[in-house]
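# Results of the structural survey
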Amino acid sequence: MAHDSTRVYQHGTLALLVPGLFTGTQSVHDLLQHGDFGIGTAHGLAGELIVLDGQAYLVAGTGDVRPVKTTETVPFATVHFQDAALTSQTISGITKMALEQQLLNQAPLKNLFFAVKITGQFKKMHTRAVEAQVEPYPNLTAATRVQPEFTADMVEGTLVGYYAPALYQGAAVAGYHVHFLNTAHDFGGHVLDYEVADAQLTVQPFETFEQHFPNQNAAFLETDFDLHAVNADIEEAEH
Ligand SMILES: [Zn+2]
């Protein structure tokens, strides 16, 4: 059966990370049933997850990159199946800010979830990666107060991530949330900034946002979420 590329699937919410619910609640094996590209984090907030062609990788706070076993678990991740019929466009010499604005201007996408994938040469790439936390977990703001940052010039690789409408702040990160992995698989992370040298861009809008919850996790079920804190803390930790 062909994979459904009209939906984006998410396990957990960004908001559940805010009070420190970092326990992995879905196996990577189960996650990958819902997509072959995506982003997220790992059990214990152990780094920045990126899924490329059905293989998950983790960029740790040390900057080290490793493949993720399918038995490992995630508290939060978003994946989709790439639409094989999508055509890519060549982009060159464009900054993150200019490209992100251009995508929203050229088509009415602001009220949809869509995936962005950029493969090729980047003139500059600036990332960060969260450091693994140990129990009892701190909240997200404390966990992300110190985040190692990494930069590379003229790096080849793939950027993958999502745009979520403002309405979905808390479920996801409102606006863009993208991760990067280089072709050599030794540099990547949560993307803070970049400049494209020469690359192929695909934009994949979705009809459906599928939200899956950690319904077997007692801590999640019992938490009282502070909605005001969620918005402020996501802005501080994710942007
Ligand atoms: Zn991220």
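Coordinates for the structure precede this section.
Okay, so let's go over this structure. (Residues numbered from 1 in each chain as written. Predicted model: local features only at pLDDT ≥ 70, side-chain atom pairs only at ≥ 80, totals over all residues. Heavy atoms only, no water.)

### So, the overall build of the protein chain
Scanning the protein chain from N- to C-terminus turns up 6 helices and 14 strands. Relative to its length of 239 residues, the protein chain is compact, with a C-alpha radius of gyration of 17 Å against a globular reference of 18 Å. With respect to the three principal axes, the spread of C-alpha positions in the protein chain is 50 × 35 × 35 Å. Within the protein chain, buried positions represent 54% of all 239 residues. For the protein chain, the share of sequence-separated contacts (at least 6 apart) that also reach a separation of at least 24 residues comes to 78%. Here the protein chain displays about 11,000 Å² of accessible surface, and carbon together with sulfur accounts for 52% of that area. Counting 10 positive and 27 negative side-chain charges, the protein chain places the centres of these two groups 4 Å from one another. (Helix = DSSP H or I, 4+ residues; strand = E, 2+ residues; numbered from the N terminus. Rg over C-alpha atoms; globule rule 2.2 N^0.38 Å. Buried < 20%, exposed > 50% of the residue type's maximum accessible area, 1.4 Å probe, protein only. Contact = heavy atoms within 4.5 Å. Areas by Shrake-Rupley, 256 points an atom, 1.4 Å probe, with all protein chains shown as cover. Lys, Arg positive; Asp, Glu negative; His and termini not counted. Charge placed at Lys NZ, Arg CZ, Asp CG, Glu CD.)

### Some points on the nonpolar core
Among the nonpolar cores identified, the biggest contains 42 residues, and I118, F122, M125, L159 and Y194 are the most heavily contacted of them. The greatest single-element share of this core, amounting to 8 residues, is contributed by strand 11 (residues 149-164). By size, the runner-up hydrophobic cluster in this structure holds 18 residues, among which are L16, Y137, F220 and A237. (Core = buried A, V, L, I, M, F, W, Y, C linked by side-chain atoms within 4.5 Å.)

### Topic: the coordination of the zinc ion
Summarising the metal site, the zinc ion is bound by the protein donors H177 (NE2), H179 (NE2) and H190 (ND1), whose distances to it range over 2.1 Å. For H177, a relative accessible area of 10% translates into the label buried. Owing to a relative accessible area of 1%, H190 belongs among the buried residues under this scheme. (Donors = N, O, S within 2.8 Å, 3.2 Å for Na, K, Ca; no water.)

### Overview of the packing of aromatic side chains
A full pass over the atoms with the stated rule returns 13 aromatic pairs. Ring centres 5.2 Å apart and planes at 50 degrees place the aromatic pair F22 and Y137 in the tilted group. Of this pair, F22 sits in the loop between helix 1 (14-17) and strand 2 (26-27) while Y137 sits in the loop between strand 10 (114-128) and helix 4 (140-143), and the two are 115 residues apart along the sequence. In this structure Y137 comes out as buried when scored by relative accessible area, which is 17%. Aromatic side chains F114 and Y176 sit 5.9 Å apart centroid to centroid with 80 degrees between the ring planes, which places their arrangement in the edge-to-face category. On the criterion of sequence distance, the pair formed by F114 in strand 10 and Y176 in strand 12 (residues 175-182) is long-range, its members being 62 residues apart. Residue F114 is classed as buried on the basis of its relative accessible area of 0%. (Phe/Tyr/Trp six-rings, centres within 6.5 Å; stacked < 30°, edge-to-face > 60°.)

### Regarding the pattern of salt bridges
Any two side chains of opposite charge can pair, so long as their charged atoms come close to each other. Under the counting rule described, the total for this entry stands at 6 salt bridges. For the salt bridge of D4 with R7, the shortest nitrogen-to-oxygen distance reads 3.1 Å. Overall, R7 belongs to the partly exposed group, its relative accessible area being 31%. One salt bridge in this structure joins E100 and K96, with 3.5 Å as the shortest N-O distance. Taken together, the residues E100 and K96, both in helix 3 (residues 96-106) and 4 residues apart, mark about one turn of the helix. You can call E100 buried: its relative accessible area is 13%. (Salt bridge = Lys/Arg side-chain N within 4 Å of Asp/Glu carboxyl O.)

### Topic: unusual backbone geometry
With the exception of glycine, the majority of residues adopt a negative phi angle, and the majority of peptide bonds are in the trans configuration. In this model, E135 is joined to P136 through a cis peptide bond whose omega is -5 degrees. Along the chain, P136 falls in the loop between strand 10 and helix 4. One non-glycine residue, M154, adopts positive backbone phi at about 45 degrees. Looking at the element boundaries, M154 is found in strand 11. The class for M154 is exposed, based on a relative accessible area of 52%.

### Describing the side chain of T41
Mapped onto the elements of the fold, T41 is located in strand 3 (residues 37-41). For T41, a relative accessible area of 5% corresponds to the buried category. Once residues within four sequence positions are removed from consideration, T41 is found in contact with L17, A46, G47, L49, V74, P75 and F76.

### Some details on the side chain of E48
Tracing the chain through its elements places E48 in strand 4 (residues 48-52). Side chain to side chain, E48 and H179 meet in a polar contact 3.3 Å long. (Polar contact = N/O pair within 3.5 Å; in protein donor to acceptor, adjacent residues only side chain to side chain.)

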